[in-house]
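Remarks on the overall topology
Chain by chain, the residues run as shown.
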Amino acid sequence: MTTSIEAGAAAVEYREFKMNPKMEYRRLGPSGLRVSALSLGGWLTIGGTVKGDPVREIVQTAFDNGINFIDVAEAYSGGNAEREIGRVLKELNIRRSDIVLSTKVFFGVRKGPNATGLSRKHIFEGIHESLERLQTDYVDVYFAHRPDPTVPMEEIVRAFNWCINSGKALYWGTSEWSAREIEEAFHVADKLGLIGPIAEQAQHNPIYEKYGIKTTVWSCLASGKLTGKYNDGIPPDSRFANHSTFFKDTIAKLQSPEGQAELAKVRQLTAYAQEELGTGIVQLSLAYIAAMPQTGTIILGVSSTQQLLEQLEALDLIPRIDENVREKVEAILQNKPEGP
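Residues numbered from 1 in each chain as written. Predicted model: local features only at pLDDT ≥ 70, side-chain atom pairs only at ≥ 80, totals over all residues. Heavy atoms only, no water.

Glancing now at the overall build of the protein. Scanning the protein from terminus to terminus reveals 12 helices and 12 strands. A compact globule built from 340 residues should have a C-alpha radius of gyration of about 20 Å, and the protein, at 20 Å, falls within 12% of that. Overall, the C-alpha framework of the protein stretches about 55 × 50 × 40 Å when taken along its three principal axes. Residue burial in the protein is summarised as follows: out of 340 residues, 50% are buried. Within the protein, contacts between residues separated by at least 24 positions form 72% of all contacts whose residues are at least 6 apart in sequence. In the structure as shown, the protein presents an accessible area of about 15800 Å², 50% of it carried by carbon and sulfur atoms. Within the protein, the 43 negative side-chain charges are centred at a point lying 2 Å from the centre of the 37 positive side-chain charges. (Helix = DSSP H or I, 4+ residues; strand = E, 2+ residues; numbered from the N terminus. Rg over C-alpha atoms; globule rule 2.2 N^0.38 Å. Buried < 20%, exposed > 50% of the residue type's maximum accessible area, 1.4 Å probe, protein only. Contact = heavy atoms within 4.5 Å. Areas by Shrake-Rupley, 256 points an atom, 1.4 Å probe, with all protein chains shown as cover. Lys, Arg positive; Asp, Glu negative; His and termini not counted. Charge placed at Lys NZ, Arg CZ, Asp CG, Glu CD.)

As structure tokens, this is what we get:
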């Protein structure tokens with residue numbers, strides 16, 4: 001469905017966003033920003049193994065099913081993930097206000113002494129280049145893709161606040177930062193009267209409750225291991241096959257006794273999902289993490305609309321994740337982290 005507004009002599013037809021009644025739209029951390037519990041990511045897929053019309057189809061399917069959050073990064077496919085998303089959002093005539101868009105800075109897209117990291121210079125230049133590739137005036141969340149111990153924390157916090165004050169970003173967040181680094185960022189922000197991060201892309205830590213941070217969770221399916229596709233080897237068109245160099249250590253581990261033990265647990269989890277919940281391991285894995293109180297959104301990585309629709313079926317299972325399900329899943333996986 002589209003709506004039109006008059007823009008001078010021409011009418012602009014916008015694709016209408018409809019909230020999915022099954023989708024929860026959660027506040028991202030302590031902010032007022034609301035994101036869909038399931039979101040769309042671009043690591044290794046968009047602009048990489050997936051280009052052109054398939055990207056358009058994936059974004060359209062996500063949008064039409066109530067996903068309002070898209071997450072990319074400057075380094076994903078050398079900047080091509082941002083380019084593809086920027087192109088498709090324009091082609092689909094999606095209102096900028098209907099989408100929550102995030103990108104990340106750290107790894108850069110070229111080599112050079114100031115082309116990576118979290119210096120004020122790279123953050124400043126990185127946001128401008130990302131916005132150009134995304135064909136937009138601002139991002140909703142600008143993530144520090146990794147910590148940078150070579151740069152003073154005050155410089156990092158001031159640089160991200162400059163992005164906010166300049167209207168280039170509305171919020172900032174962190175990715176793969178330690179509890180100590182997040183704590184330091186908040187101490188600096190509080191001391192200077194600045195804005196601290198609102199979200200973190202990493203494993204859970206009690207520091208998140210202290211500051212109200214929510215996680216934007218990536219790789220919930222362990223790059224496909226939790227789909228069961230690697231139970232009997234590496235399929236030719238899988239992520240491990242398409243990125244065999246990047247995943248060489250993971251692939252080697254699958255052949256080890258430890259790796260085979262992990263796959264045995266995947267088979268057990270698959271049987272439990274099918275026999276007791278009437279669903280698949282993909283839906284159970286996503287719903288299980290989505291139901292965790294610290295989860296803000298789960299970033300889905302898909303290479304087709306079929307995969308996306310399959311993963312969206314997790315929405316039906318989220319309300320059914322109770323203590324009984326948690327206990328049975330934990331009994332199979334036996335990997336629950338210990339508290340501090």
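On we go.
What the 8 strands build is a closed barrel, ordered E5-E6-E7-E8-E9-E10-E11-E12; its pairing is parallel. Taking the axes of each pair of neighbouring strands and ignoring which way they run, one obtains an average angle of 30° across the sheet. Taken together, the 3 bridges between strand E5 (residues 38–41) and strand E12 (residues 295–300) define a ladder with parallel strand orientation. Of the residues in E12, the one forming a bridge with Leu-40 is Leu-300. Along the sheet, helix H3 (residues 120–134) makes contact with strand E7 (100–105) and strand E8 (139–144), crossing E8 at roughly 135°. (Pairing = 2+ DSSP bridges. Axes fitted to C-alpha atoms, helices over the stretch in contact; angles between N-to-C directions.)

Here helix H2 (residues 80–91) spans 16 Å end to end across 12 residues, near enough to the 16 Å set by a 1.5 Å rise per residue. Every buried residue belonging to H2 is among Ala-81, Glu-82, Glu-84, Ile-85, Gly-86, Val-88 and Leu-89, and all of these are buried. Contacts made by the buried residues of H2 are with helix H1 (53–64), strand E6 (69–71), E7 and H3. (Expected span 1.5 Å × (residues − 1).)

Counted by the stated rule, this structure contains 8 aromatic pairs. The interplanar angle of 80° and the centroid separation of 6.4 Å between the aromatic rings of Phe-17 and Tyr-25 together place this pair among those described as edge-to-face. On the basis of relative accessible area, Phe-17 is assigned to the buried category, the value being 17%. A centroid spacing of 4.0 Å and a plane angle of 5° characterise the contact between Phe-186 and Tyr-211, whose relative ring orientation is stacked. With Phe-186 in helix H5 (residues 179–192) and Tyr-211 in helix H6 (residues 207–211), this residue pair connects regions lying 25 residues apart in the sequence. Judged on exposure class, the residue Phe-186 and its partner Tyr-211 are both buried. Here the guanidinium or amino end of Arg-96 rests over the ring plane of Tyr-138, the centre of that ring lying 4.0 Å away. (Phe/Tyr/Trp six-rings, centres within 6.5 Å; stacked < 30°, edge-to-face > 60°. Lys NZ or Arg CZ within 6 Å of the ring centre and 35° of its normal.)

In the Ramachandran plot, Leu-44 falls in the positive-phi region, its phi being about 70° despite a non-glycine side chain. Along the chain, the position of Leu-44 falls in the loop between E5 and H1. For Leu-44, a relative accessible area of 13% puts it in the buried group. Located in the positive-phi region is Ser-77, a residue other than glycine, with phi close to 50°. As for its placement among the helices and strands, Ser-77 is situated in the loop between E6 and H2.

What follows covers the environment of Ala-115. Summarising the element assignment, Ala-115 is placed in the loop between E7 and H3. Using a relative accessible area of 13% as the deciding quantity, one classes Ala-115 as buried. Expressed as a C-alpha distance, the spacing of Ala-115 and Asp-140, which sit 25 residues apart in the sequence, is 23 Å. Ignoring any residue separated from it by four or fewer positions in sequence, one finds Ala-115 in contact with Phe-107, Gly-108, Arg-110 and His-122.

Time to look at the pairing of strand E11 (residues 214–217). In this sheet, E11 lies alongside strand E10 (residues 199–201) in parallel orientation, the contact comprising 2 bridges. Paired with Ala-199 across the strands is Lys-214, a residue of E11. By the bridge criterion, 3 bridges tie E11 to E12 in an arrangement that is parallel. What sits directly across from Val-217, in E12, is Ile-298.

One broad rule of soluble globular proteins: the nonpolar side chains tend to lie buried together. Core analysis: the biggest nonpolar cluster contains 86 residues, and Val-59 and Leu-284 have the highest contact counts within it. Counting residues per element, this core draws most heavily on helix H10 (residues 281–290), which supplies 8 residues. In this structure Val-59 touches Leu-40, Ile-70, Ile-85, Val-88, Leu-89, Leu-92 and Ile-94, once residues within four positions along its chain are discounted. Counting residues in hydrophobic clusters, the runner-up holds 9 residues, among them Leu-33, Phe-143, Ile-198 and Ala-199. (Core = buried A, V, L, I, M, F, W, Y, C linked by side-chain atoms within 4.5 Å.)

Taken as a whole, this structure holds 19 salt bridges when the rule is applied. As a salt-bridge pair, Arg-180 and Glu-184 come within 3.4 Å of each other at their nearest N and O atoms. Here Arg-180 pairs with Glu-184, and both are found in helix H5, just 4 residues apart, close to one helical turn. Judged by relative accessible area, which is 56%, Arg-180 ranks as exposed. A relative accessible area of 31% means that Glu-184 is categorised as partly exposed. Among the ionic contacts, a cluster of salt bridges with common partners joins Arg-56, Glu-84, Arg-87 and Glu-91. (Salt bridge = Lys/Arg side-chain N within 4 Å of Asp/Glu carboxyl O.)

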